[in-house]
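# Structural overview
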Amino acid sequence: MADFETPSLKSYPMIPALTEDVMKDSAPFIAKPDHNAPLGFPGELVDNWEEKAIAKMGDLLGKYRGFQVYLDSCVKCGACTDKCHYFLGTTDPKNMPVARQDLLRSVYRRYFTFAGKYFPKLVGARDMSKEVLDEWYSYFHQCSQCRRCSVYCPYGIDTAEISMAAREIMDTVGVGQKYCNEIIAKVYKIGNNLGLPEKALRATLLDLEEDIFDETGINVKLPLDVKGADILFITPSADFFAEPHIDGLIGYAKVLHEAGVSWTFSSHASEAGNFGMFIGSYENMQQVAIRIREAAEDLGVKRIVHGECGHAWRVAYSFWNTLIGPFDFLDPNYPVPQHICEFTYDMLKRDKLNIDKSRNDDKTLTFHDSCNVARATRMGDKPGGQFDIPRAIIKAVCNNYVEMEAGTTKEATFCCGGGGGLLTDDLMEIRVKGAMPRMATLTEVVKEEGVTHMAAICAICKSQFSKVLPYYKMQMDMIVSVHQLVSNALILTGQVDEEDDD
Ligand code: SF4
Ligand code: SF4
């Protein structure tokens, strides 16, 4: 035998046969006038909407150079065609990233290029029409803006940016998506995506303090609106009540307690999530984000630390500086923003947490990289920290860890299928189909490596997987928070370790 390693046999990555227009009727509920008004958008389809849509496209082309470069530079090489989880899950060719881009590119060509103006048929240029608008509404809400396709494009064309622009144009002419617009309006009115008022939030935090005391015998506080605290902790509001998010929240509180830092939540900024990004509106993204700066200034904190939320971390990491910076009022000795994973990792490295890994021995873990964290941010001070730090935390608190197949993790991770403003029941079909590639790789490690649980650091991933795992014959509680694992393994100072006592 020759001296080299024969590759191991893996499931063959099939490129599916196409099913034309199979998802053309998939579309989210349209926003009503009272959902749109607080965001500054017209209530319904405006008169002369075609002209206004084209004018808005022109406005975006002038403002965002990348948008025009993406529209001009595709050479139809096809490298992106099989990279979208929605294409793999639905087989609809319009869910190929290049085809999705072309829905908008064809209109761009018609109105903004010489060839499209004078020889439209030759260059595939199309007039803006109601048929085109309906197609946009359907297929630009079948993109979770996960950016996987851009990793494989030789020109780095980012379909997410094109989806965002399409959604902004549609909102501008009065065709917004109910789920996102209603949620953004709730943030403006009440302070968080769930519409959880301050009184209910305070009661929830008190209940959680009691739960932690019952479990550990230790008074761990979850403070709210404490002026002069060192740290403002912001987290997705799903952490306050959803499963498994809430177990992660308990983990953050335990770590902060052990660190001995003074910290607080804010009722004014009780939401880290920012759906302004999903609808492509920088104005709304800014208006949602500014609440966090206002809370930080009002409470007089020195640092801001983020809970587990993928898109919120992206907004903070990539957009905060220009949207709501500068942060010269915060302590320059700490990064702005800082992720709870960075905080916990630092505590672990300095041996400041009393960890009993065996408390997670009933589980074999794998880790799902959330797309916004993986492809739009970093953690720590080294490239790849966004991949290494969550894994280092899991390995520090669990004995059994397995990776999913290379090419489906880290920068090549598959989206959960529910990101980008698609986490709504009216889009259940596309959510379940879009989850297929991740469910396939998960099933493989379940069967071959005995994996029992998958951890994530994104509130949307956690909610999405809880919902879709049963469709793929797996238990909804297989998905766990990374800080839930930390919470399980962490023995608080003064806590009697019952397992040691036995
Ligand atoms: S950004 Fe993600 S969801 Fe959108 S086309 Fe690309 S791979 Fe598909
Ligand atoms: S990989 Fe890039 S250049 Fe190639 S078809 Fe896709 S978007 Fe166009």
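Refer to the structure presented above.
I will try to describe carefully the structure that is included in this document. (Residues numbered from 1 in each chain as written. Chains lettered and ligands numbered in written order. Predicted model: local features only at pLDDT ≥ 70, side-chain atom pairs only at ≥ 80, totals over all residues. Heavy atoms only, no water.)

### Points about the pattern of salt bridges
- For the coordinates displayed, the defined rule picks out 31 salt bridges.
- Lys227 is the salt-bridge partner of Asp298, the closest N and O atoms lying 3.0 Å from each other. Of this pair, Asp298 sits in helix H13 (residues 282-299) while Lys227 sits in the loop between helix H11 (198-216) and strand E1 (231-234), and the two are 71 residues apart along the sequence.
- Here Lys227 falls in the exposed class, since its relative accessible area comes to 58%.
- Measuring nitrogen to oxygen at the nearest pair gives 3.2 Å for the salt bridge that ties Lys363 to Asp362.
- We classify Asp362 as exposed; its relative accessible area is 56%.
- Connected through salt bridges with shared partners, the residues Lys56, Asp59, Lys63, Glu168 and Glu283 form a single ionic network. (Salt bridge = Lys/Arg side-chain N within 4 Å of Asp/Glu carboxyl O. Helix = DSSP H or I, 4+ residues; strand = E, 2+ residues; numbered from the N terminus. Buried < 20%, exposed > 50% of the residue type's maximum accessible area, 1.4 Å probe, protein only.)

### Focus: the pairing of strand E3 (residues 303-306)
- Neither face of E3 is exposed, since Arg303 and Val305 on one face and Ile304 and His306 on the opposite face are all buried.
- Note: E3 against strand E4 (residues 338-339), two bridges, orientation parallel. Along E4, the bridge assignment pairs His306 with His339.
- In the classification by handedness, the crossover that spans E3, the intervening helix H14 (residues 310-324) and the parallel E4 is right-handed. (Pairing = 2+ DSSP bridges. Right-handed = clockwise from strand over helix to strand, strands pointing away.)

### Description of the pairing of strand E6 (residues 453-456)
- Here E6 shows two buried faces, one formed by His453 and Ala455 and the other by Met454 and Ala456.
- With three bridges connecting them, E6 and strand E7 (residues 479-481) associate as parallel partners. Counterpart to Met454 in the pairing with E7 is Ile479.
- For the handedness criterion, the β-α-β arrangement of E6, helix H20 (residues 459-468) and E7 is classed as right-handed.

### Structural notes on the site of ligand 2
- Taken together, 13 residues lie around ligand 2, and Cys74, Cys77, Gly78, Cys80 and Cys153 are the ones closest in.
- Within the shell around ligand 2, the residues separate by chemical class into ten nonpolar, two polar and one charged. (Near = heavy atom within 4 Å. Nonpolar A, V, L, I, M, F, W, Y, C, P; charged D, E, K, R; others polar.)

### Description of the site of ligand 1
- Of all residues adjacent to ligand 1, which total 13 residues, the nearest are Cys84, Cys143, Cys146, Arg147 and Cys149.
- Of all the secondary structure elements, the ones that give two or more residues to the shell around ligand 1 are helix H4 (85-90), helix H5 (97-112) and helix H8 (148-152).
- Each residue belonging to the shell around ligand 1 can be placed in one class, and the counts come to six nonpolar, four polar and three charged.

### A short note on helix H12 (residues 245-259)
- Its 15 residues place the ends of H12 21 Å apart at the C-alpha level, agreeing with the 21 Å of an ideal helix rising 1.5 Å per residue.
- Among the 15 residues that make up H12, twelve are buried, leaving the element largely enclosed by the rest of the structure.
- Among all positions in H12, only His245, Ile246, Gly248, Leu249, Ile250, Gly251, Tyr252, Ala253, Lys254, Val255, Leu256 and Glu258 are buried.
- Two residues or fewer past H12, Gly260 is found with a positive phi of approximately 70 degrees. (Expected span 1.5 Å × (residues − 1).)

### A word on the side chain of Asp92
- Inspection of the secondary structure assignment puts Asp92 in the loop between H4 and H5.
- At a separation of 3.2 Å, a polar atom in the side chain of Asp92 contacts the main-chain amide nitrogen of Val22.
- Side chain to side chain, Asp92 and Tyr139 meet in a polar contact 2.6 Å long.
- Those residues in contact with Asp92, other than ones at most four positions away along the chain, are Thr19, Asp21, Val22, Met23, Lys24, Phe87 and Tyr139. (Polar contact = N/O pair within 3.5 Å; in protein donor to acceptor, adjacent residues only side chain to side chain. Contact = heavy atoms within 4.5 Å.)

### Section: the nonpolar core
- One finds Leu232, Ile304, Trp320, Met439, Leu442, Phe465 and Leu469 to be the most contacted residues of the largest nonpolar core, which totals 62 residues.
- Mapped onto this core, the elements with two or more residues apiece are helix H10 (178-189), E1, H13, H14, helix H18 (428-434), helix H19 (436-449), E6 and H20.
- Look past the residues within four positions of Leu232 in its chain and what remains in contact with it is Thr264, Phe265, Ser266, Ile292, Ala295, Ala296, Leu299, Val301, Arg303, Ile304 and Val305.
- Grouped together as the second largest cluster of nonpolar side chains are 47 residues, Trp313, Met379, Val480 and Val482 included. (Core = buried A, V, L, I, M, F, W, Y, C linked by side-chain atoms within 4.5 Å.)

### Remarks on the environment of Gly228
- Here Gly228 is to be found in the loop between H11 and E1.
- Take Gly228: its relative accessible area is 51%, and that puts it in the exposed class.
- A C-alpha to C-alpha distance of 31 Å links Gly228 and Gly385, two positions 157 residues apart in sequence.

### Digging into the side chain of Thr364
- With respect to the secondary-structure elements, Thr364 resides in the loop between helix H15 (340-349) and strand E5 (365-367).
- Residue classification places Thr364 among the buried positions, given a relative accessible area of 16%.
- Each residue touching Thr364, except ones within four places of it in the same chain, is listed here: Asn400, Val402, Glu449, Gly450, Val451, Thr452 and His453.

### Comments concerning the state of the cysteines
- Under the defined criterion, the tally for this structure stands at zero disulfides.
- Free of any disulfide, Cys416 has its nearest cysteine sulfur in Cys461, 4.0 Å distant.
- On the accessibility criterion, Cys416 (2% relative accessible area) is buried. (Disulfide = S-S within 2.5 Å.)

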